[in-house]
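This is what each chain is made of:
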Amino acid sequence: MGIEDASMRNGRALSDQWADSVVVRPRTTEQHITVNKRLVLGFAISILTLIVVTAIAITLSVSFERCAAESSGVLAANGSSNSKWKKSRDGNISHRDSEDEQQPWRHLRLPATLRPRHYDLRLSVYMENFTFSGEVNIEFECVHSTKFIVLRTDRLEVEKVLVYSDSKKAGAMRIQRRFHYQPKQVYVIALHREMKPLRTYKINITFHALIEHELLGFFRSSYVLNGERRFLAVTQFSPTHARKAFPCFDEPIYKATFRVSLKHESSYQSLSNMPVEASTSDEDGWVTNHFSRTPRMSTYYLAWAVCNFTYREAVADNGVVIRLYARPDAIQSGSGDYALHITKRLLQFYQDYFKVKYSLPKLDLLAVPKHPYAAMENWGLSVFVEQKILLDPDVSSFSYQMELTMVVVHEICHQWFGDLVTPVWWEDVWLKEGFAHYFEYIGADFLYPKWNMVMNLTGRHLIRAERQQDPLQEVFEATDIDRVFDWIAYKKVKELNELDYLMTHMYGNAARDDLWNKFSEAMQREGKDINITQVMDRWTLQMGYPVVTISKNDSLDNSVTISQEHFIYDTDAKIQNPELFNKSFKWQIPLTLAVGNSSHISTETIIWVSNKTETHRVGHVDGETWLLGNINQTGYFRVNYDLHNWRLLIQQLMSNPTIISVGNRAGLIDDVFNLARAGYLPQNVPLQMISYLSQETEFLPWHAASRALYQLDKLLDRTEDHSLFSDYVLTQVEPKYLKLGWPATSPDGSFMQVAYQTEELQREVMMLACSFGNKHCHRQAVSLISDWISSNKNRIPPNVRDIVYCTGVSLMDEDVWEFIWMKFHSSTAISEKKVLLEALTCSDNIFLLNRLLNLSLTSDLVPDQDVIDVIIHVGRNPLGRHLAWRYFREKWDILNSRYGEALFMNSKLISGVTEFLNTEAELNELKEFILTSGGESAPAFARAVEIVQANVKWHILFQQQFYRWLRKAPDG
């Protein structure tokens, strides 16, 4: 969750290797780039990673906007070339006006005059009143003459400040004045005389602060054990919250070493990035743990915790000690054993795969009840919210296990990409997120080859989220962070390791051009003269992504016409905001193309599309030949065809779908629904395409279809003719549902194991059948719930419990709701509690839904992440949609005060509550609400307005056409 610049070769000679040239780039939209299958298998588009990166982008958005003019020339500090570093900074300083020269604290970025080398941080933690006091000694080097020491602080009460020089003169330097400048969250120390370049200085600061309730900085949380409430305190510094815990150079570029000491009551234990080096006890029952010195790292990767958890331990083959810390009851039940086991295997695997040793002697995994993100990859002390690391195999579904696995794998990968090599600044956050996101699939494939994660990499998560483009987001479009990586090949990423990307930048920073240059060099060695930077600029400096339209050229034999344009759902936005949706937008698109017929598909060819419209010769094309673009969905763009080609593709799927690969079948479904949603195609085309699903035997196409159908269902579920749609969907789903049936049980009552792909397909089809009203599925769910209530023994297969619970709650009476609520309270399994809580949102009783909303916000038993999920899930219930929207507005002040700075959670809440609003009245309510309450969440609200406008527009333009076709459809 952080970023920096140029390169730090290693941890030695830190001063000499401080500065590589640091190029300041405009704040840009991070866009997707694509290349063919020979160059790529593609990077998966995971919604949890996009949401995490959205948090980082939006957290900084207000400051980016406010300070754009004054900060465009401010440079980061780091690298390997002192002359370039000095030149870039001198150039920056020369452009400041006289006032700014005298007031460096007004800039977005810290002044480049100083660089830290080492922190000695000592804290005393008072859990009885949730406060802490501290003393920090910072050793730093002066790069340019200055009187000012500018540090980041926020919510800290600074008590005493002393500054010392490394000269032989004894005593502290004279301080002229010192003050806190809140607009930039800095503390300024103005000295009586200037500090000199190449000299080392030390600053000593004592301070105190609160251990906050909100989930950033150094915050507190709690849990209940044997009826007793217990408290813990833990840090979350990414992206900009180390400044809440101690004064520091809190920007990713300013790497340094740290030595931490924590003093607390002996009834608690403390953890940090490094092992305990020494421990001392006081007579008053307090203990002080002194932790070893860290490697060179960014402030936002520093971490500590004070808790009374217990742990399980394992030792990796490379000798690294791995401990998983959690609530004592969770450790005792073995809920942490799964994550501990896979971490042990992964640590050795990634070390061998990257050929770079894991740098620390230990790795702790900490499971906390509340956290603003799924996890945080602090170096040596990774913190996870309990739902993403604790697993009870007896009650957890396979999908829950898979999601948990991917989170753990992702965070372990960050120990290299992120912790060891850190991006320069937040605009390049994808340097770590893209790598980690890609390699999480490689790691998962190592753990579970039968999961076939390589196919998931090129298919499942390249089924893109229905993403709206925000015309206000061009400055910080890091919401699309992973898209930049889609075109990079597995082969190329592997080559990058061989090119020593990690070795070049270890213990330091990397910027985007470092990556592009490495890829350009690799391609040049293969004889391909492609300037990757030029290609990438089209994607990173332009908003959104394209739709490529492929049509047969009737005037030229065996030729096709290929055009590109900016894809957007709300076409009116192009008229309303012509400067943002510029018709001149062009991308360099590596389009893979194949030609096929009823029995054969050609080998793919690659066409580099650079112009708005181009004509290309392809293989033999006639009236019965279809075209297929973006083979295996390796490119991040949508593909449209002329209507005749769509009909031929649909006929192919109906007659022999396996001619087209699994990934492409999923991609066709995803594209056709989204193209119709945006008005590029008639509404009947996607409906006709899914009529082949009864023949589909693979999970990925079904997954693509279910995503698209649920989106449509939420648009239509409050319309009078909704049953036309649900009946049509059931017609397509029921043959496969009846064939697959429900999970089987063996004679002893245990659930029979089947292959992963089969289990996931069965679950996907069951979910569709129950959701759209299949009577058999409803009766089965009601029967299982009734059996559970009467016998008090849960015989429901774990993999479908969420389906059964939700269906039962929606169909049965209030007593069932109360039963599920009781089970939520009594269950100790994290995964089971989450499923039970979400099932309560399925009720068709408005009173119960309203009660649940109020209980979730006021009950300590509901974690913060689950409060948000409850509100969102109530909003997905057609009977609860307006209720959730009204509740959101009424409780906004409370919600915003709780999650305000944790913008990841705030953005998730705003998006989830508003994404299915689709009436003019709701749109107007949203706009009015934003005028009075938008505040720092303005970017998220702006996206929400665009989504709701597109929903409203779809109803105006396409609803009647949609239902008109369904009334005439053969199976409608």
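Residues numbered from 1 in each chain as written. Predicted model: local features only at pLDDT ≥ 70, side-chain atom pairs only at ≥ 80, totals over all residues. Heavy atoms only, no water.

S.K.: Just to check I follow, could you spell out the pattern of salt bridges for this structure?
M.R.: In a structure, side chains of opposite charge can pair up when their charged atoms sit close to one another. Applying the stated rule across the entire model yields 38 salt bridges. Between Asp-250 and Arg-243 there is a salt bridge, with its nearest N and O atoms 2.9 Å apart. Side by side, Asp-250 and Arg-243 carry an identical accessibility label, which is buried. Across the pair Asp-869 and Lys-908 runs a salt bridge, and its minimum N-O distance is 3.0 Å. Of this pair, Asp-869 sits in helix 27 (residues 864–876) while Lys-908 sits in helix 30 (residues 903–914); the two residues are 39 residues apart in sequence, bridging distant segments of the chain. Residue Lys-908 is classed as partly exposed on the basis of its relative accessible area, which comes to 27%. Salt bridges sharing common partners tie together Lys-834, Glu-838, Asp-866, Asp-869 and Lys-908. (Salt bridge = Lys/Arg side-chain N within 4 Å of Asp/Glu carboxyl O. Buried < 20%, exposed > 50% of the residue type's maximum accessible area, 1.4 Å probe, protein only. Helix = DSSP H or I, 4+ residues; strand = E, 2+ residues; numbered from the N terminus.)

S.K.: Looking at this structure, how should I read helix 32 (residues 938–968)?
M.R.: Within an α-helix, residues lying three or four positions from one another point in the same direction, as the helix has 3.6 residues per turn. Compared with the 45 Å implied by 1.5 Å per residue over 31 residues, the 44 Å span of helix 32 between its first and last C-alpha is a close match. Roughly 55° is the biggest bend found in helix 32, and it falls at Phe-958. (Expected span 1.5 Å × (residues − 1). Bend = angle between axes of the 7 residues up to and from the residue.)

S.K.: Just to check I follow, could you spell out the packing of aromatic side chains for this structure?
M.R.: Within a pair of aromatic rings, the relevant descriptors are the distance that separates the centres and the angle that separates the planes. Per the counting criterion, the structure on display carries 56 aromatic pairs. Ring geometry for Tyr-353 against Phe-439: centres 5.7 Å apart, planes inclined by 70°, an arrangement best described as edge-to-face. You can see Tyr-353 sitting in helix 7 (residues 337–354) and its partner Phe-439 sitting in helix 9 (residues 430–447), a full 86 residues away along the chain. Three or more aromatic residues joined by ring pairs form one cluster here, namely Phe-349, Tyr-350, Tyr-353, Phe-354, Tyr-358, Trp-416, Phe-417, Phe-439 and Phe-446. (Phe/Tyr/Trp six-rings, centres within 6.5 Å; stacked < 30°, edge-to-face > 60°.)

S.K.: How should I be thinking about the confidence of the model for the protein in this particular structure?
M.R.: Per-residue confidence for the protein averages 82 on the pLDDT scale, and 80% of its residues sit at or above 70. For the stretch residues 1–99, pLDDT sits under 50, and the model shows 372 contacts to residues farther than four places along the chain or on other chains. Overall, residues 462–499 carries pLDDT values under 50, and its contacts beyond four positions in sequence, including any with other chains, amount to 187 contacts. (pLDDT = per-residue confidence, 0-100. Contact = heavy atoms within 4.5 Å.)

S.K.: How should the side chain of Lys-362 be read in this particular structure?
M.R.: Here Lys-362 is to be found in strand 17 (residues 362–368). Classification of Lys-362 as buried rests on a relative accessible area of 7%. A polar side-chain atom of Lys-362 sits 3.3 Å from the main-chain carbonyl oxygen of Asn-273. A polar contact of 3.0 Å, which involves the side chain of Lys-362, links it to the backbone oxygen of Gly-380. Among residues more than four places away in sequence, those in contact with Lys-362 are Ser-272, Asn-273, Met-274, Pro-275, Val-320, Val-321, Gly-380 and Leu-381. (Polar contact = N/O pair within 3.5 Å; in protein donor to acceptor, adjacent residues only side chain to side chain.)

S.K.: Please clarify how the nonpolar core should be interpreted in this entry.
M.R.: Looking at soluble globular proteins, one finds that nonpolar side chains tend to be buried together. By size, the foremost hydrophobic cluster in this structure holds 158 residues, and its most contacted members are Leu-366, Ile-550, Trp-646, Phe-725, Phe-888 and Phe-962. Grouped together as the second largest cluster of nonpolar side chains are 133 residues, Leu-302, Phe-354, Leu-420 and Tyr-756 included. (Core = buried A, V, L, I, M, F, W, Y, C linked by side-chain atoms within 4.5 Å.)

S.K.: Quick question: what am I supposed to make of the sheet that holds strand 25 (residues 605–609) here?
M.R.: Sheet strands pair via backbone hydrogen bonds, and the direction of the pair is either parallel or antiparallel. The strand order 25-24-27 describes an open sheet built from three strands, whose pairing is antiparallel. With partners counted over all chains shown, the strands left at the sheet margins are strand 25 and strand 27 (626–629), one partner each. Along the sheet, successive strands turn relative to each other by an average axial angle of 35°, direction set aside. Pairing geometry for strand 24 (residues 589–596) and strand 25, over five bridges, is antiparallel. (Pairing = 2+ DSSP bridges. Axes fitted to C-alpha atoms, helices over the stretch in contact; angles between N-to-C directions.)

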